[in-house]
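# Survey of secondary and tertiary structure
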Amino acid sequence: MSAARFQRSLLRRCLREPRMRVGLVSTGLVLLVVVLGPFLAPHAHSDIIGAPYSPPSANALLGTDYLGEDVLSRVLTGGQSIVWISFVGTLVGVAVGAVIGMTAAYSGGVVDELLMRTMDVLRAFPPLVLILLLVSVARAELALMPLIVAIAWVPQVARVAYGAAKEVVAREFVESAETLGAPRLRIVRREILPNVMTPLMVDFGLRLTWSIGIVSAMSFLGVGLQPPAADWGLMIKENYQGLALQPWGVVVPVLCVAVFTFGTNLMAEGFARTVARVSPQEVRP
């Protein structure tokens with residue numbers, strides 16, 4: 001079966017998976033809030049509209065936060081950072097890790113040892129610890145945060161890609177391409193990559209779920225976005241001390257992060273279950 005036909009068949013099976021459907025709906029709702037929220041916000045996210053921790057009212061449907069800012073406006077504008085930082089950071093991390101893993105698996109020898117031993121050293125650090133270490137070296141600027149998240153995932157993804165590619169490299173169609181004199185880059189792109197794409201897509205879904213939690217945790221710990229930025233993780237940090245007085249400044253952003261994480265996790269699990277039911281076969285271009 002060709003790679004394109006296999007991917008179309010896999011997509012149709014995924015859409016029939018109940019977990020995938022629920023995950024798509026949950027994630028889609030959060031993305032709608034992220035995209036349309038800034039246009040629907042009744043106030044600017046940094047406007048002071050009342051006393052701190054004011055209860056819900058006609059002017060502030062979810063009340064105000066610790067400074068007197070509108071909670072609803074900050075929720076509607078605070079999801080963009082988490083979504084794009086998590087997605088871009090995960091995408092870059094998976095792409096770079098896949099290149100390193102496939103290169104090591106196909107090259108073998110000294111290149112294999114050098115690349116994978118380096119990745120193993122980096123894997124000794126838990127992702128959150130590695131991120132905090134990187135943040136301590138570089139300032140937590142908005143443009144650098146996706147790169148920091150990506151660096152944390154590269155060694156993890158490289159090991160996954162290496163394990164998947166190592167099995168493919170030994171197959172006959174790769175040896176045939178080498179015998180015919182195909183360039184090494186072409187062999188990796190046309191013969192190895194299509195056969196490791198499925199486990200990489202499953203891994204991408206899992207890494208994205210973890211990235212959402214890590215990016216939120218960074219803001220909560222004070223090493224992510226800084227005030228007066230609107231960010232769900234930052235809102236939790238700012239308002240948790242007034243939880244008994246006005247809970248919506250904490251409860252609503254927690255729910256948003258939870259629904260987004262829940263949705264992406266279900267999508268990853270649905271995709272993984274679909275892949276597990278697919279009979280083993282070689283995917284050829």
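Keep in mind that this is a model prediction, so the values were computed, not measured.

Parameters and conventions
Residues numbered from 1 in each chain as written. Predicted model: local features only at pLDDT ≥ 70, side-chain atom pairs only at ≥ 80, totals over all residues. Heavy atoms only, no water. Helix = DSSP H or I, 4+ residues; strand = E, 2+ residues; numbered from the N terminus. Salt bridge = Lys/Arg side-chain N within 4 Å of Asp/Glu carboxyl O. Phe/Tyr/Trp six-rings, centres within 6.5 Å; stacked < 30°, edge-to-face > 60°. Buried < 20%, exposed > 50% of the residue type's maximum accessible area, 1.4 Å probe, protein only. Polar contact = N/O pair within 3.5 Å; in protein donor to acceptor, adjacent residues only side chain to side chain. Expected span 1.5 Å × (residues − 1). Bend = angle between axes of the 7 residues up to and from the residue. Contact = heavy atoms within 4.5 Å. 1 Å grid on protein atoms, 1.4 Å probe; cavity = no way out; pocket = protein on both sides within 12 Å on 5 of 7 lines; lining within 4 Å. Points joined across faces, edges and corners; volume = space filled by probe spheres on them. Nonpolar A, V, L, I, M, F, W, Y, C, P; charged D, E, K, R; others polar. Axes fitted to C-alpha atoms, helices over the stretch in contact; angles between N-to-C directions. Parallel < 35°, antiparallel > 145°, perpendicular 65-115°, else oblique. Left-handed = near helix turned anticlockwise from the far one by under 90°. Core = buried A, V, L, I, M, F, W, Y, C linked by side-chain atoms within 4.5 Å. Patch = residues over 30% accessible without salt bridge, like charges linked within 9 Å, V, L, I, M, F, W, Y side chains within 5 Å. Areas by Shrake-Rupley, 256 points an atom, 1.4 Å probe, with all protein chains shown as cover. Lys, Arg positive; Asp, Glu negative; His and termini not counted. Charge placed at Lys NZ, Arg CZ, Asp CG, Glu CD.

### Comments concerning unusual backbone geometry
Here Y53, not a glycine, exhibits a phi torsion of approximately 55 degrees, which is positive. Assignment of secondary structure puts Y53 in the loop between α2 (18-40) and α3 (71-77).

### What about the pattern of salt bridges?
Under the criterion given, the structure shown has 11 salt bridges. The shortest N-O distance in the salt bridge between E269 and R19 comes to 3.1 Å. Here E269 is found in helix α11 (residues 248-276), whereas its partner R19 is found in helix α2, with 250 residues between them in sequence. Here R74 and E238 are joined by a salt bridge, their closest N and O atoms 3.5 Å apart.

### Some points on the packing of aromatic side chains
Inspection of every chain in the model, using the stated rule, returns three aromatic pairs. Judged by centre distance (6.0 Å) and plane angle (40 degrees), the ring pair of W153 and W210 falls under tilted. With W153 in helix α7 (residues 145-169) and W210 in helix α9 (residues 184-221), this residue pair connects regions lying 57 residues apart in the sequence. Where F220 meets Y240, the ring centres are 6.1 Å apart and the plane angle is 55 degrees; that geometry is what we call tilted. Separated by 20 residues along the polypeptide, F220 in helix α9 and Y240 in the loop between α10 (232-239) and α11 bring together distant segments of the chain. Looking at F220, the relative accessible area reads 38%, which means it is partly exposed. Y240 gets classed as partly exposed once you look at its relative accessible area, which sits at 43%.

### What about α10?
A large share of α10 lies buried, amounting to seven of its eight residues. The set of residues buried in α10 consists of W232, G233, L234, M235, I236, E238 and N239. Capping the start of α10 is the job of one residue whose side-chain oxygen sits 3.1 Å from the backbone nitrogen of G233: D231.

### Re α9
Compared with an ideal rise of 1.5 Å per residue, which puts 38 residues at 56 Å, α9 spans 45 Å between its outermost C-alpha atoms and falls more than 12% short. The largest bend along α9 reaches roughly 55 degrees and is located at L193, with the proline P194 sitting one to four residues downstream. Looking at the residues trailing α9, positive phi occurs at G222, about 85 degrees.

### Section: the environment of D70
Considering the arrangement of structural elements, one finds D70 in the loop between α2 and α3. With 124 residues separating them along the chain, D70 and P194 place their C-alpha atoms 49 Å apart. Ignoring any residue separated from it by four or fewer positions in sequence, one finds D70 in contact with P42, H43, D47, I49, A60, L61 and G63. In this structure the side chain of D70 is engaged in a polar contact, spanning 2.6 Å, whose partner is the side chain of S73.

### Regarding the layout of surface pockets
Taken as a whole, the largest pocket encloses approximately 640 Å³ of empty space. Around the largest pocket, the lining comprises 30 residues; the ones closest to its centre are M201, F204, G205, M267 and F271. With nine residues, the top contributor of residues to the lining of the largest pocket is α9. For the lining of the largest pocket, the residue count by class is 25 nonpolar, five polar and no charged.

### Some thoughts on the side chain of D112
Relative to the elements of secondary structure, D112 occurs in helix α5 (residues 109-123). Take D112: its relative accessible area is 8%, and that puts it in the buried class. A distance of 3.4 Å separates the side chain of D112 from the side chain of K166, its partner in a polar contact.

### Comments concerning the packing of α7 against α9
Following both chains from N to C, one finds α7 and α9 inclined at 150 degrees, their axes separated by 9 Å at the closest point. In this view, α7 runs roughly antiparallel relative to α9, as classed from their interaxial angle. Once α7 is placed against α9, the crossing between them reads as right-handed. Considering only residue class, the contact of α7 with α9 consists of 18 nonpolar, three polar and three charged.

### Thoughts on the nonpolar core
With 55 residues, the main nonpolar core has I131, I192, V196 and W232 as its most contacted residues. Setting aside chain neighbours within four positions, we find I131 in contact with I148, V149, A152, I214 and M218.

### Some details on a positive patch on the surface
A cluster of basic residues, R12, R13, R16 and R21, forms a positive patch on the protein surface. On the accessibility criterion, R16 (54% relative accessible area) is exposed.

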